[in-house]
Amino acid sequence: MRIVLIKVIDNFFPEERFNHFCELTKSGWTTINNSLHKDLIEPFYTEECVKYIGERFDINFKIYRSAMHGLSLNTNSIIHRDVNSTHTALLFLNSNWQPTWNGGTFFGKDCNDYVQFRPNRMILFLTEGLDHIGSSFSSEALDFRYQAIWHLNQQK
């Protein structure tokens, strides 16, 4: 029997809130290798969004860390595990992303499970023992692949 470690909800945030995240992709980045990074430290992200994520998945969470990443076409992602949290929530941004461009996330040591990139799609997964990696994507995208990330700890 397989344990479900990954949950997906499409159209996760209301349109106005999702558009707010998309606006954040336009500025304020720090460049690290071929990727973009910014910490999300304001209460909107660390409190309001965490509460909303918990409500949508029916889990009580406390924030460990939240950030945004922008990956370029030539970024070589590495398979990894998130640490210091029980769960990771990934929100795919890029409001005009096309399914044929790929850019989703692979899960598992052998990358057997794949969740396709779709705007406003939230993926929640247990971090313990779960490897994952962002997939490559098409040059047709003509932009970075953006995502917001919350590292969360489940509260009893």
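Cut-off values and rules
- Residues numbered from 1 in each chain as written.
- Predicted model: local features only at pLDDT ≥ 70, side-chain atom pairs only at ≥ 80, totals over all residues.
- Heavy atoms only, no water.
- Core = buried A, V, L, I, M, F, W, Y, C linked by side-chain atoms within 4.5 Å.
- Buried < 20%, exposed > 50% of the residue type's maximum accessible area, 1.4 Å probe, protein only.
- Helix = DSSP H or I, 4+ residues; strand = E, 2+ residues; numbered from the N terminus.
- Contact = heavy atoms within 4.5 Å.
- Pairing = 2+ DSSP bridges.
- Axes fitted to C-alpha atoms, helices over the stretch in contact; angles between N-to-C directions.
- Left-handed = near helix turned anticlockwise from the far one by under 90°.
- Nonpolar A, V, L, I, M, F, W, Y, C, P; charged D, E, K, R; others polar.

A. Just the nonpolar core, in detail. Among the nonpolar cores identified, the biggest contains 27 residues, and Phe13, Phe21, Ile53, Met122 and Trp150 are the most heavily contacted of them. Listed by contribution, the elements that provide at least two residues to this core are α1 (15-24), α2 (43-57), β4 (61-71), β5 (87-92), β8 (122-126) and β10 (145-154). Examining the composition of this core, we find that six residues originate from one element, α2, more than from any other. The contacts of Met122, once residues within four sequence positions are left out, are Lys7, Val8, Ile9, Phe12, Phe13, Ile53, Phe57, Ala89, Leu90, Leu91 and Trp150. If you look at the next biggest cluster of nonpolar residues, it comprises 14 residues, including Trp101, Val115, Phe137 and Ala141.

B. Examining the pairing of β4 more closely. Here five bridges tie strand β3 (residues 35-39) to β4, and the two strands are oriented antiparallel to one another. The residue of β4 that forms the bridge with Leu36 is Gly70. Bridge analysis of β4 against β10 gives 10 bridges, and the strand direction is antiparallel. For Phe61, the partnering residue across the bridge sits in β10 and is Gln154.

C. Structural context of the packing of α1 against α2. Look at α1 against α2: their axes get within 14 Å of each other, and the N-to-C directions meet at 145°. Considering the relative orientation of α1 and α2, their crossing is left-handed. Note on element contacts: α2 touches α1 through Phe44, Tyr45, Glu48, Cys49 and Tyr52, opposite Arg17, His20, Phe21 and Leu24. Residues of the contact of α1 with α2, tallied by class, amount to six nonpolar, one polar and two charged.

D. Spatial organisation of the sheet that holds β10. With antiparallel pairing, the seven strands of this open sheet are ordered in space as β1-β8-β5-β10-β4-β3-β2. Two strands in the sheet have a free side with no partner beyond their single neighbour: β1 (6-9) and β2 (30-32). On average, adjacent strands in this sheet sit at an angle of 25° to one another, irrespective of strand direction.

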